[in-house]
Amino acid sequence: MQQKTTLISTSQFHKDVYKGLTDFPKHLSSKYFYDEKGDKLFQEIMDMPEYYLTNSEYKILDKFKDEICRAFFKDSKGFDLIELGAGDGKKTKILLRQLAAEEIPFQYVPIDISQNALNELEESISNELPSVNVMPLQGTYFETLEQLCTMQHKRKVIMFLGSNIGNLLHPQAVEFLRSIQELMNEDDLFFIGFDQKKDPQTILNAYNDAAGITERFNKNLLARINSELGANFDLDKFIHWEVYDPETGTAKSYLVSKENQTIHINGLDLTVTFNAWETIHTEISQKYDDNIVSWLADKAGMQISRIFTDENKFYKNYILKK
Ligand code: AVI
């Protein structure tokens, strides 16, 4: 997962918190979950038994690594394997190992906002897979991708794992896919993970774990506003609440105020009042099926070329083409 916070300007954080907490109904963006503590909590979430997404994608990559890498390979001129938000690279290393073993010519280009995450990733790859050529690029996805496209004209396989697209509403997801599509040439591929619709209880459990890690992750937003903006949120006066609508495939996270309360945010010179049971909407985690993915791809000027799934059909990785 990309550590998204480092370069998001403080003033943007200020503006978004101000806007979100003075709107009705109240909302805060999930992109602000990921400070240092949030990154750690997300790592813990990915290891939880209830959070099936990570393990399902891991199993898909492991089972189909041979076919996936063959689909990536076109000719001896090689390609750039560009990963958006590379994180710790645990899943990606399955593919890197396979490509290296098959002696397929490629260069791995992880893009992340966090230089620290990139340094750690580069070091672990150079230890574990010394034959893999790594060119880390620090920055936001599109600025960096655009730079890369002007710098070199090699074939591109762009990867976006983890169903990170699910944190976007459909119109934003189309916009995101369209921006990728506009940077692709005919021969390029986009390899992307989409979490699938399934038993609603399985989805609810993934976002409502027994150990309360997701609750801490969600409440970290308030902790961040306390420490960075000088607020006095009492985290115990809010509950983490998850809903899933099986019709739309949308899981939504909320923080719900347990009582009437007044919060002061010194850094914003703002007083915010909550009625008992008033909500702050904090995240959407969209679930998909092939029809929705095909519709999104079509709207963005792409089409599905291959689909890989796990034995439970919980999760799918798609190869999209222009
Ligand atoms: C990063 N993103 C895809 C995760 C998700 O599943 O929406 C973030 C997350 N939120 C709660 N648990 C995990």
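Being a predicted model, the structure only gives us computed values, none of them experimental.

J.: Would you mind going over the overall build of the protein chain with me for this structure?
T.: Summing up its helical and strand segments, the protein chain has eleven helices and 14 strands in all. Computed over its C-alpha atoms, the radius of gyration of the protein chain comes to 20 Å, within 12% of the 20 Å expected for a compact globule of 322 residues. Dimensions of the protein chain, computed from C-alpha atoms along their principal axes, come out at roughly 65 × 40 × 35 Å. Within the span of the protein chain, comprising 322 residues, buried residues form 52% of the whole.

J.: Where do I start with empty space enclosed by the protein in this structure?
T.: Space left empty within the atom packing is revealed by a probe, the size of a water molecule, rolled over the atoms. What the rule picks out here adds up to one cavity of 30 Å³ or more. Here the largest cavity defines a volume of roughly 190 Å³. Around the largest cavity, the lining is made up of 19 residues, and of these Tyr51, Asn167, Tyr207, Glu283 and Ser285 lie nearest the centre. Secondary-structure elements contributing two or more residues to the lining of the largest cavity are α2 (36-46), α10 (213-229) and β12 (279-286). The leading source of residues in the lining of the largest cavity is β12, at three residues.

J.: Honestly, the packing of aromatic side chains in this entry has me stumped. Any pointers?
T.: Geometrically, a pair of aromatic rings is defined through the distance of the ring centres and the angle of the planes. Under the definition given, this model contains 21 aromatic pairs. Here the aromatic rings of Phe42 and Tyr51 are separated by 6.4 Å at their centres, their planes lie at 80°, and the arrangement is edge-to-face. Ring centres of Tyr52 and Phe314 lie 5.2 Å apart, and the angle between their planes is 65°; this geometry places the pair in the edge-to-face category. With a gap of 262 residues between them, Tyr52 in helix α3 (residues 52-63) and Phe314 in the loop between β13 (303-309) and β14 (315-321) connect regions that are remote in the sequence.

J.: Please clarify how the pattern of salt bridges should be interpreted in this entry.
T.: If the charged atoms of two oppositely charged side chains come close together, the side chains can form a pair. The full count for this structure, using the stated rule, is 20 salt bridges. One salt bridge in this structure joins Glu36 and Lys40, with 4.0 Å as the shortest N-O distance. In this pair, Glu36 and Lys40 are both assigned in helix α2, four residues apart and thus about one turn of the helix distant. Take Glu36 and Lys40: they sit in the same class, and that class is exposed. Here Asp290 and Lys316 are joined by a salt bridge, their closest N and O atoms 3.2 Å apart. Separated by 26 residues along the polypeptide, Asp290 in helix α11 (residues 290-299) and Lys316 in strand β14 bring together distant segments of the chain.

J.: How do you make sense of the site of the ligand when you look at a structure like this?
T.: In the vicinity of the ligand, 14 residues are found, and the nearest of them are Tyr51, Asn167, Tyr207, Glu283 and Ser285. With respect to the ligand, the side chain of Tyr51 contributes an N or O atom lying 2.5 Å from an oxygen atom. Here an oxygen atom of the ligand sits 2.5 Å away from a polar atom, N or O, in the side chain of Tyr207. Relative to its free-state accessible area of 340 Å², the ligand is covered by the protein chains to the extent of 99%.

Scoring rules and cut-offs
Throughout this description, residue numbers start from 1 for each chain and increase along the sequence as written. Local features are withheld for residues below a pLDDT of 70 in this predicted model, meaning they are given only at 70 or higher, and side-chain atom pairs are given and counted only at 80 or more; totals for whole chains, interfaces and linings count all residues. Each side-chain value is derived from all of the structure's non-hydrogen atoms; neither hydrogens nor water enter the calculation. We count a stretch as a helix when DSSP gives it H or I for four or more residues in a row; a strand needs E for two or more, and each element gets its number in order from the N terminus. Radius of gyration: over C-alpha atoms. The globule rule applied is 2.2 Å multiplied by the number of residues raised to the 0.38 power. Exposed residues in this analysis have more than 50% of their type's maximum accessible area, buried residues have under 20%, and partly exposed residues fall in between, with area computed by a 1.4 Å probe over protein chains only. Only protein atoms enter the calculation, which uses a 1 Å grid: trapped sets of points that fit a 1.4 Å probe without letting it out are cavities, open sets showing protein on both sides within 12 Å along at least five of seven lines are pockets, and any residue with an atom within 4 Å of a point is a lining residue. Grid points are joined across faces, edges and corners, and a volume is the space filled by probe spheres set on the points. Each Phe, Tyr or Trp ring, with Trp reduced to its six-membered ring, pairs with another whose centre is within 6.5 Å; inter-plane angles below 30 degrees give stacked pairs, above 60 give edge-to-face pairs, and intermediate values give tilted ones. Each salt bridge in this description consists of a side-chain nitrogen of Lys or Arg and a carboxyl oxygen of Asp or Glu lying within 4 Å of one another. Distances are taken per atom, and a residue is near a molecule or strand as soon as one of its heavy atoms is within 4 Å of it. In the analysis that follows, any N or O atom pair within 3.5 Å is treated as a polar contact, provided that within protein one partner can donate a hydrogen and the other can accept it, and provided that, for residues neighboring in sequence, both atoms belong to side chains. Using the Shrake-Rupley algorithm and a 1.4 Å probe, accessible areas are obtained, with residue cover drawn only from the displayed protein chains.

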